[in-house]
Every structure is written in C-alpha cells, then in structure tokens.
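So the chains spell out like this:
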Amino acid sequence: MTPNPRTADEDLLHCLHAVGSGDGDGERVDRIRHEVATGFATLASIGKAVSVFGSARVAHDDPRYELARRVTAELGRAGFAVITGGGPGLMEAANRGARDVGATSVGLGVELPHEQHLNNHLDVALTFRYFFARKLMFVRYASAFVVMPGGFGTLDELFEALTLVQTGKIHEFPVVLVGHHHWGGLVNWLGEALEANGFTGPGDTDLLVVSDEPEEIAALVQRCHLRQIARGPR
Ligand SMILES: C/C(=C\CNc1ncnc2c1ncn2[C@@H]1O[C@H](COP(=O)(O)O)[C@@H](O)[C@H]1O)CO
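What you are looking at is a predicted structure, and each value in this text was computed from that prediction instead of being measured.

**Student:** Can you help me understand the pattern of salt bridges in this one?
**Tutor:** Side chains that differ in sign of charge can pair as their charged atoms come close. Taken as a whole and judged by the stated rule, the model has 12 salt bridges. The partner of Glu 157 in a salt bridge is Arg 134, with the nearest N and O atoms 3.8 Å apart. Residue Glu 157 is located in helix 6 (residues 152-166), and its partner Arg 134 is located in helix 5 (residues 131-140); the two are separated by 23 residues in the primary sequence. By relative accessible area, Glu 157 is classed as buried at 11%. Taking relative accessible area as the criterion, Arg 134 reaches 5% and is therefore assigned buried. Through salt bridges with shared partners, a single ionic network connects Asp 11, Asp 25, Arg 28 and Arg 31.

**Student:** Explain the site of the ligand here, please?
**Tutor:** Residues in close proximity to the ligand total 16 residues, the closest being Ala 56, Arg 134, Gly 151, Thr 154 and Glu 157. At a separation of 2.5 Å, an oxygen atom of the ligand approaches a polar side-chain atom of Glu 157. Here the ligand, which alone exposes 610 Å², has 81% of that area covered by the protein. Here the ligand occupies the largest pocket. With four residues, the single largest contributor to the shell around the ligand is helix 6. Of the residues in the shell around the ligand, the class split is six nonpolar, eight polar and two charged.

**Student:** Teacher, can you tell me more about the sheet that holds strand 1 (residues 49-53) here?
**Tutor:** Sheets are built from strands paired through backbone hydrogen bonds, the pairs being either parallel or antiparallel. Strand order across the open sheet formed by seven strands is 4-3-2-1-5-6-7, with parallel pairing between neighbours. The open sheet has two edge strands with one neighbour each: strand 4 (124-128) and strand 7 (208-211). The sheet shows a mean angle of 25 degrees between the axes of neighbouring strands, taken without regard to direction. Both strand 1 and strand 5 (residues 145-147) contribute to a ladder of three bridges, which runs parallel. Looking at the pairing, Phe 53 lines up with Val 147 of strand 5. Strands strand 1, strand 2 (81-84) and strand 3 (105-110) of the sheet are contacted by helix 4 (residues 90-100), whose axis makes an angle of about 165 degrees with strand 2.

**Student:** Teacher, can you tell me more about the packing of helix 3 (residues 63-77) against helix 4 here?
**Tutor:** In the contact formed by helix 3 and helix 4, the axes pass within 7 Å of each other and the chain directions differ by 40 degrees. Here helix 3 lies oblique to helix 4, going by the angle between them. As for how helix 3 packs across helix 4, the hand of that crossing is right-handed. Of the residues in helix 4, those in contact with Arg 64, Tyr 65, Ala 68, Arg 69, Thr 72 and Ala 73 of helix 3 are Leu 90, Glu 92, Ala 93, Ala 94, Arg 96, Gly 97, Ala 98 and Asp 100. Taken together, the residues that form the contact of helix 3 with helix 4 break down as seven nonpolar, two polar and five charged.

**Student:** I tried to follow helix 4 on my own but got confused; where do I start?
**Tutor:** Burial of helix 4 is extensive: eight of the 11 residues sit out of reach of the surface. Among the residues of helix 4, Leu 90, Met 91, Glu 92, Ala 93, Ala 94, Asn 95, Gly 97 and Ala 98 are the ones counted as buried. Structurally, helix 4 contributes buried residues whose contacts are with strand 1, helix 3, strand 2 and strand 3. Phi turns positive one or two residues past the end of helix 4, at Gly 102, with a value near 80 degrees.

Definitions and limits used
- Residues numbered from 1 in each chain as written.
- Predicted model: local features only at pLDDT ≥ 70, side-chain atom pairs only at ≥ 80, totals over all residues.
- Heavy atoms only, no water.
- Salt bridge = Lys/Arg side-chain N within 4 Å of Asp/Glu carboxyl O.
- Helix = DSSP H or I, 4+ residues; strand = E, 2+ residues; numbered from the N terminus.
- Buried < 20%, exposed > 50% of the residue type's maximum accessible area, 1.4 Å probe, protein only.
- Near = heavy atom within 4 Å.
- Polar contact = N/O pair within 3.5 Å; in protein donor to acceptor, adjacent residues only side chain to side chain.
- Areas by Shrake-Rupley, 256 points an atom, 1.4 Å probe, with all protein chains shown as cover.
- 1 Å grid on protein atoms, 1.4 Å probe; cavity = no way out; pocket = protein on both sides within 12 Å on 5 of 7 lines; lining within 4 Å.
- Sits in = over half its atoms within 2 Å of the grid points.
- Nonpolar A, V, L, I, M, F, W, Y, C, P; charged D, E, K, R; others polar.
- Pairing = 2+ DSSP bridges.
- Axes fitted to C-alpha atoms, helices over the stretch in contact; angles between N-to-C directions.
- Contact = heavy atoms within 4.5 Å.
- Parallel < 35°, antiparallel > 145°, perpendicular 65-115°, else oblique.
- Left-handed = near helix turned anticlockwise from the far one by under 90°.

Here you go:
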C-alpha cells in the first residue's frame, strides 16, 4: 500500500498502487470538473494573451531574467496579457515584464509535493491541482507560446504546443523559442535526427521560430493573432 498521496495529481496518477486517499473516481472527476470550470470562469475575460514558459531556477541577476522581462514588456505594449506558471525564475521575470508596462499578469501555479510559492507580480493568480487542467488553460487562452530557456517542465510545455500545431488542433499559433544560444542545439537536432529520418514531416521543424529580439517576437505574435481572428473561431 502506497502512503497517503501528497498532491491530488499523485492520487490521480497512481491507481495501480491503490494510493490510500480514500476517494473514489467519482470524487476525482468532480475535482477535475471543478478545477476546469474555475479556470474557465477566471480566465474568460483576460482578453488577448500569450503563455510564456521558462525555467523556475534562473536567478534575478542572470541576463536571461532581464531578457524575459523585456520580451513580455514588449508583448504587453502590444496589448497582450501574459500567462505564466506563476512560479519563480523566468516565470517571475515574465510576470514582472507585463506589470512593468501595465499589462495583465497571470500566474497559473500548480500544487507540488515540495513547498513553492506564487511570485509577487500577479494580477490574476490561480493554483491548480492537476498539471493537465493547467496546461489546457495555457493553450485555450493564448494566441502564442513564448518559450524562454528551461528544463523538463519547459520542454513539456513546448512539445505539447508543437504537437497540437502539428496535428492541426490549433492554427496560426506561433511557438517562439527565445535564445539562439539555449535552443539552437535542440532545433538542429530536431532537423537532423527527426525530420531527416522521417520521424516528423517535411517542414515540421519550421513550426518553431527562434529569436533573441523582443520587438521581433511581439510583431510575430501580433501578426499571427490577427490571422487567428481573420480565420474565425478555432
Ligand atoms: C523548482 C522550484 C519551484 C518550482 N515551482 C514551479 N512553480 C510553477 N510552475 C513550475 C514550477 N516548476 C516548474 N514549473 C512549470 O514548468 C516550467 C518550468 O520548468 P523547468 O523544469 O524549470 O524548465 C514552467 O513554465 C512552469 O509552468 C524551486 O525553485
């Protein structure tokens, strides 16, 4: 018997081990429904927005922190709200950049087994129990994903978006990687190991745009947003 789950995600994901929360699947489905409904109700009025991802582990004096802040300030000037995971590091930098220019700053935190806090630069804050419910919000309310340097969490969010674009679930949805230095190796590998061997389709690597320039990123996001509007409902 596995000890009591520390988070709702742990409870949900460990059915083979008969995790001992005492709940049945009916209660779990109710919790999921409530979480999704709360997310929808909270975010319905945020207007046009971009989801920005990036490392939880980057310090304030790191140049990438400043770059994240500049990128989201530029997005904010273009009228976009900024949605992040609400945590520290580059998430915090992105929320600060939005706040710097008076744009709406949104943090969608997630319950984790270890203690963690939402950053102090949020106008709208929600904490989710379930990673998958939170990820739905990142896509549903955004016109683009902007991906700062990061680790596994950031890669997970990046590849979810890419798969949704590749499979035609979302359209005119730019996925922008910020930082040639961090992302260049991955993009080369995607071309050489995946596309060249037929694991992805011709041109799939081009679904990613790499840039270090806040103005260029904001202009691209704005162009795609206008194309999304012209296209009509998703
Ligand atoms: C590691 C520490 C705290 C973690 N806190 C997080 N809070 C909110 N969101 C998080 C957190 N950690 C990861 N995420 C999500 O994944 C992305 C960053 O992950 P990475 O592995 O650091 O690249 C990020 O976009 C979040 O959505 C204590 O410092």
